[in-house]
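Letter by letter, the chains look like this.
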Amino acid sequence: MSLRPENAQQARVLRLLRGNGPTSRAELGESLRLSRSKLALEIDRLTEQGFVESDGFAASRGGRRSSIVRLSRTTRFVGIDIGATSVDVAVTNGELDVLGHLSTEIAVYEGPTAVLGKALELVGKLRAEGVATDIHGAGIGIPGPVSFRDGVPVVPPIMPGWDQYPVREAMSQELGAPVLVDNDVNLMALGEHHAGVARSVDDFLLVKIGTGIGCGIVADGDVHRGVSGSAGDIGHIRIDDDGPPCTCGNIGCLEAYASGAALARDATAAARVGQSTYLAERLEETGTLSAADITAAVAAGDPTAVQMLRGSGHRVGQVLAGLVSFFNPGLVVIAGGVAGAGHSLLAEIRSVVYRRSLPLATGNLPIVLSELADAAGVVGGARLISDHVFSVSGGAEER
Ligand SMILES: [Zn+2]
């Protein structure tokens, strides 16, 4: 199903119901400044198209009781969050409450056919559980640069085989519904903006420290993607001309110092030379170390791991201090697998940013951890596609 509202009033009704849940006609009329008869006309059309349905009557405010309108109970959006090592799939209702959420391990370098196939398997499982019948749209995040307009990845460094792959067209065909594809960090920012820690903030940055490092930029309530979709790709800002090589082919990028992949590399080296007994034992057991091993080592109080994590926070803080002076956000959200290590990372980032940015930019600047964690990307995916489905085709409200 790929219906869209017929005019801007209908789109506003749908978005209001998405945010507020079931609402009386009287309140809708007040919020939208529509006369009772005009509102009734639009709601009749939305009902005929299956977008909304009636939900009983509101308590009387003296006089006639106002009937309650809600988004159709069968509305379903899908959010798909593809990471370097896992894929998350969630199904939401029209109000974007998560009704089912599944996750599985993948390796993104196995290529689009294998990875998107696994995502579709999870959608199938959720359908089999009765969470969804019809799907009204899906928003997909991938861990690399995306041409938002074309719905394709563009030379993603950690995703061989994905360059220019028609993710949007392929998934739209499989799901029989409209699909939008965006960078995973942009979706996380949308998710936190819709239902997380950035709910009441219209200008903020979300920095994801995972296998790679990226930044979602929300300006005036909208994701800022830049001319070609690569805005916020801060992982490849060079911080040292003599630094270690990066997956992008350059040297000294932030990612080459501070990402989960860089931490895993440094942890392995430290374990091999006997700098940390904890990491050495872990390496002995599993044969390989990941960022998760470092966060576990930090939790166990291993001094080498704590040192490494602080180093990562320091480098991220260096870059972030510049971004804060440049963008003047009202909030900075730190997210991603490495952020799971929590406080010592956050403390280091804060101390560097507060020390290096202008007081006017940091005077009132909270730097906090993500609230939705693993759900941020999938909620953001549902939000992205619902913005599209609840907008007039080709109209000014389309984003
Ligand atoms: Zn790089």
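This text follows the structure it describes.
Remember, it's a predicted structure, so these values are computed and weren't measured experimentally.

Glancing now at the coordination of the zinc ion. Binding of the zinc ion to the protein goes through His236 (ND1), Cys246 (SG), Cys248 (SG) and Cys253 (SG), at separations of 2.0 to 2.3 Å. Geometry at the zinc ion is tetrahedral, judged from the 4 donor atoms that bind it and their angles of 104 to 121 degrees at the metal. Summarised as a motif, the one-chain spacing of the donors to the zinc ion is H-x9-C-x1-C-x4-C. Here Cys253 lies in the loop between β13 (222–223) and α7 (254–258) and His236 lies in the loop between β13 and α7, a separation of 17 residues in the sequence.

Another aspect to go through is the environment of Asn183. Relative to the helices and strands, Asn183 is located in strand β10 (residues 179–183). Between the C-alpha atoms of Asn183 and Cys215, which are 32 residues apart in sequence, the distance is 9.8 Å. A distance of 2.8 Å separates a polar atom in the side chain of Asn183 from the backbone oxygen of Gly144.

Right, let's talk about the sheet that holds strand β15 (residues 367–369) for a bit. The 5 strands are arranged β13-β12-β11-β14-β15 in an open sheet whose pairing can be described as mixed. Edge positions in the sheet fall to β13 and β15, since each has one partner strand and no second. Against the sheet, helix α6 (residues 184–195) engages β11 (204–209), β12 (213–219), β13 and β14 (332–335), with an angle of about 125 degrees to β11. Taken strand by strand, helix α12 (residues 343–356) contacts β11, β14 and β15, and its axis lies near 165 degrees from that of β15.

If you walk through the whole model with that rule in mind, you get 16 salt bridges. Arg199 is the partner of Glu371 in a salt bridge, and the nearest nitrogen-oxygen pair spans 3.7 Å. Taken as a pair, Glu371 in the loop between β15 and α14 (376–389) and Arg199 in the loop between α6 and β11 lie far apart in primary sequence, 172 residues in all. A relative accessible area of 48% places Arg199 in the partly exposed class. We note a salt bridge from Asp293 to Arg282, for which the minimum N-O separation is 2.7 Å. Taken together, the positions of Asp293 in helix α10 (residues 291–299) and Arg282 in helix α9 (residues 277–286) put the pair 11 residues apart, joining distant regions of the chain. Given the relative accessible area of 8%, Asp293 is considered buried.

Interhelical geometry of helix α1 (residues 8–20) versus helix α3 (residues 36–48) gives an angle of 75 degrees and a closest axis separation of 10 Å. Taken together, the axes of α1 and α3 are roughly perpendicular relative to one another. Mapping the contact onto sequence places Gln9, Gln10, Val13 and Leu14 in α1 and Leu39, Glu42, Arg45 and Leu46 in α3. For the contact of α1 with α3, a count of residues per class yields 4 nonpolar, 2 polar and 2 charged.

All right, on to the environment of Ile80 then. Inspection of the secondary structure puts Ile80 in strand β4 (residues 77–82). Under the relative-accessibility criterion, Ile80 is labelled buried at 0%. Remark: the alpha-carbon pair of Ile80 and Ala375, spanning 295 residues in sequence, is separated by 10 Å. In contact with Ile80, other than residues within four places in its own chain, are Val87, Asp88, Val89, Ala119, Val123, Gly139, Ile140, Gly141, Met171, Leu187 and Val378.

Cut-offs used in this document
- Residues numbered from 1 in each chain as written.
- Predicted model: local features only at pLDDT ≥ 70, side-chain atom pairs only at ≥ 80, totals over all residues.
- Heavy atoms only, no water.
- Donors = N, O, S within 2.8 Å, 3.2 Å for Na, K, Ca; no water.
- Tetrahedral: all angles 85-135°; square planar, octahedral: opposite > 155°, others 65-115°.
- Helix = DSSP H or I, 4+ residues; strand = E, 2+ residues; numbered from the N terminus.
- Polar contact = N/O pair within 3.5 Å; in protein donor to acceptor, adjacent residues only side chain to side chain.
- Pairing = 2+ DSSP bridges.
- Contact = heavy atoms within 4.5 Å.
- Axes fitted to C-alpha atoms, helices over the stretch in contact; angles between N-to-C directions.
- Salt bridge = Lys/Arg side-chain N within 4 Å of Asp/Glu carboxyl O.
- Buried < 20%, exposed > 50% of the residue type's maximum accessible area, 1.4 Å probe, protein only.
- Parallel < 35°, antiparallel > 145°, perpendicular 65-115°, else oblique.
- Nonpolar A, V, L, I, M, F, W, Y, C, P; charged D, E, K, R; others polar.

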